[in-house]
Amino acid sequence: LIFFFAQLAAATETALGRPPQSWISFHFGKPMWRLLGGFLAALLAIIVIAAIALVLALLAVVGFNMAVKAPSSGQAMLVTGLLGIVFGCVLIFVLIRFLFLLAPVNVSKEKLGVGQAWHLSAGNFWRILLVALAILVPVLIVNYAYTFSVTGFPRPPTNTSREAVRAWETAWEIAELNGLAGHWYLTLPLFGLLLLFQFGAGCAAQAFAYRALTENDASAPVAGNGLPD
């Protein structure tokens, strides 16, 4: 966890215009610890909001059962599914609002910046979501394309029992792991490049969004070297 946030702090500082002074550097200073603290504070806020949303969902289920006497299994599944979708949307919303701009705010403003990250992301949820999908979807496509090329396309059994389907899923997972491990000389470099692309593109997108949202705010200086772009 500490090494990840050291990398995140270093990459964010570089994306904001303050690159390291050498090729090899370890960012275990105040920005890293501040970023880790901000992440833990944001995680606590997300847990609290998720707990409140879960309690409200449970109360909605209880209210539905009281309003509808002896609901059918189809009705119960429909209500449960809708509430699950709503809960998932709330969780994605708070995750994006709290976490997307947290790293550049922590590095630039030298504070935990949880509230500032939430404030800056207001009105930009859909843009942030599209940016995140634009980074994540190509990685998933390449990942699954490589996995299926190594292990073959999965063909789950039909018209069988649930136990047979679970046994097939277990066998498929084992075959998938064995196939990836057997081609380790391709798997490791490819997955390393995918992680590097996802990590670098994510840090760059966050830094770009932060600079675009604060370019007219004199109270939010960008970490830079003082030179013109």
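For the structure given in this document, a descriptive report is provided here. Values in this document were obtained by computation on a predicted structure and should not be read as measured data.

Before going further, it helps to examine the overall build of the protein chain. A count of helical and extended segments in the protein chain gives 8 helices and 0 strands. For the protein chain, the sequential pattern of α-helices and β-strands runs α-α-α-α-α-α-α-α. Over its C-alpha atoms, taken along the principal directions, the protein chain stretches across nearly 65 × 55 × 25 Å. With 229 residues in all, the protein chain has 28% of them scored as buried.

In terms of burial, helix 4 (residues 102-109) is a largely internal element, 7 of the 8 residues being buried. All of the buried residues in helix 4 are Leu102, Ala103, Pro104, Val105, Asn106, Val107 and Ser108. As for helix 4, its buried residues are in contact with helix 1 (2-15), helix 2 (30-67), helix 3 (73-99), helix 5 (114-120) and helix 8 (184-214). Two residues or fewer past helix 4, Glu110 is found with a positive phi of approximately 55 degrees.

Here we take up the packing of helix 7 (residues 162-182) against helix 8. As a packed pair, helix 7 and helix 8 sit with axes 5 Å apart at the nearest point and diverge in direction by 90 degrees. When the axes of helix 7 and helix 8 are compared, the pair comes out roughly perpendicular. Here Leu180, Ala181 and Gly182 of helix 7 lie close against helix 8, whose contacting residues are Trp184, Tyr185 and Thr187. In terms of residue class, the contact of helix 7 with helix 8 is built from 4 nonpolar, 2 polar and no charged.

In this structure, Phe98, Phe100, Leu101 and Tyr210 are the most contacted members of the largest nonpolar core, which totals 22 residues. Every element with two or more residues in this core is listed here: helix 2, helix 3, helix 4, helix 5, helix 6 (125-151) and helix 8. Beyond its immediate stretch of four places on either side in the chain, Phe98 contacts Ala42, Ala45, Ile46, Ile49, Val114, Ala117 and Trp118.

With that out of the way, let us pick up the layout of surface pockets. Estimated volume of the largest pocket: approximately 720 Å³. Elements supplying a minimum of two residues to the lining of the largest pocket: helix 1, helix 2, helix 3, helix 4, helix 6 and helix 8. For the lining of the largest pocket, the class distribution of residues is 20 nonpolar, 3 polar and no charged.

With respect to the helices, strands and loops of the structure, Ala207 is situated in helix 8. For the pair Ala207 and Val105, spaced 102 residues apart in the sequence, the C-alpha separation amounts to 9.0 Å. Setting aside its immediate chain neighbours within four residues, Ala207 contacts Ala15 and Leu16.

All right, on to the packing of helix 2 against helix 3 then. Between helix 2 and helix 3, whose axes approach to 10 Å, the crossing angle comes to 160 degrees. Put simply, helix 2 runs roughly antiparallel to helix 3. Here the hand of the crossing between helix 2 and helix 3 comes out right-handed. Contacts between helix 2 and helix 3 pair Phe39, Ala42, Ala45, Ile46, Ile49, Ala50, Ala53, Leu54, Ala57, Ala60, Val61 and Phe64 from the former with Gln75, Val79, Leu83, Phe87, Val90, Leu91, Val94, Leu95, Phe98 and Leu99 from the latter. In terms of residue class, the contact of helix 2 with helix 3 is made up of 21 nonpolar, 1 polar and no charged.

A word on helix 2. Since there are 3.6 residues in each turn of an α-helix, residues three or four apart along the chain are aligned in direction. Taking 1.5 Å per residue, 38 residues should reach 56 Å; helix 2 reaches 55 Å between its end C-alpha atoms and fits that length. Every buried residue of helix 2 is listed here: Met32, Arg34, Leu35, Leu36, Gly38, Ala42, Ile46, Ala50, Ala53, Ala57 and Phe64. Against helix 1, helix 3, helix 4 and helix 5 lie the buried residues of helix 2.

Moving on to the packing of aromatic side chains. A complete count under the given rule lists 13 aromatic pairs for this structure. With a centroid separation of 6.0 Å and 90 degrees between ring planes, the pair formed by Phe93 and Trp118 is classed as edge-to-face. Placement of Phe93 in helix 3 and of Trp118 in helix 5 is noted, with a sequence separation of 25 residues between them. Centroid distance Trp168 to Trp172: 6.4 Å. Interplanar angle 10 degrees. Geometry classified as stacked. Remark: Trp172 and Trp168 occur in helix 7; sequence separation between them is 4 residues, near one turn of the helix. Using a relative accessible area of 24% as the deciding quantity, one classes Trp168 as partly exposed. Through successive ring pairs, a cluster of aromatic residues spans Phe93, Phe98, Trp118, Phe125 and Trp126. Between Arg97 and the ring centre of Trp118, over which it is positioned, the NZ or CZ distance is 3.9 Å.

Basis of the calculations
Residues numbered from 1 in each chain as written. Predicted model: local features only at pLDDT ≥ 70, side-chain atom pairs only at ≥ 80, totals over all residues. Heavy atoms only, no water. Helix = DSSP H or I, 4+ residues; strand = E, 2+ residues; numbered from the N terminus. Buried < 20%, exposed > 50% of the residue type's maximum accessible area, 1.4 Å probe, protein only. Contact = heavy atoms within 4.5 Å. Axes fitted to C-alpha atoms, helices over the stretch in contact; angles between N-to-C directions. Parallel < 35°, antiparallel > 145°, perpendicular 65-115°, else oblique. Nonpolar A, V, L, I, M, F, W, Y, C, P; charged D, E, K, R; others polar. Core = buried A, V, L, I, M, F, W, Y, C linked by side-chain atoms within 4.5 Å. 1 Å grid on protein atoms, 1.4 Å probe; cavity = no way out; pocket = protein on both sides within 12 Å on 5 of 7 lines; lining within 4 Å. Points joined across faces, edges and corners; volume = space filled by probe spheres on them. Left-handed = near helix turned anticlockwise from the far one by under 90°. Expected span 1.5 Å × (residues − 1). Phe/Tyr/Trp six-rings, centres within 6.5 Å; stacked < 30°, edge-to-face > 60°. Lys NZ or Arg CZ within 6 Å of the ring centre and 35° of its normal.

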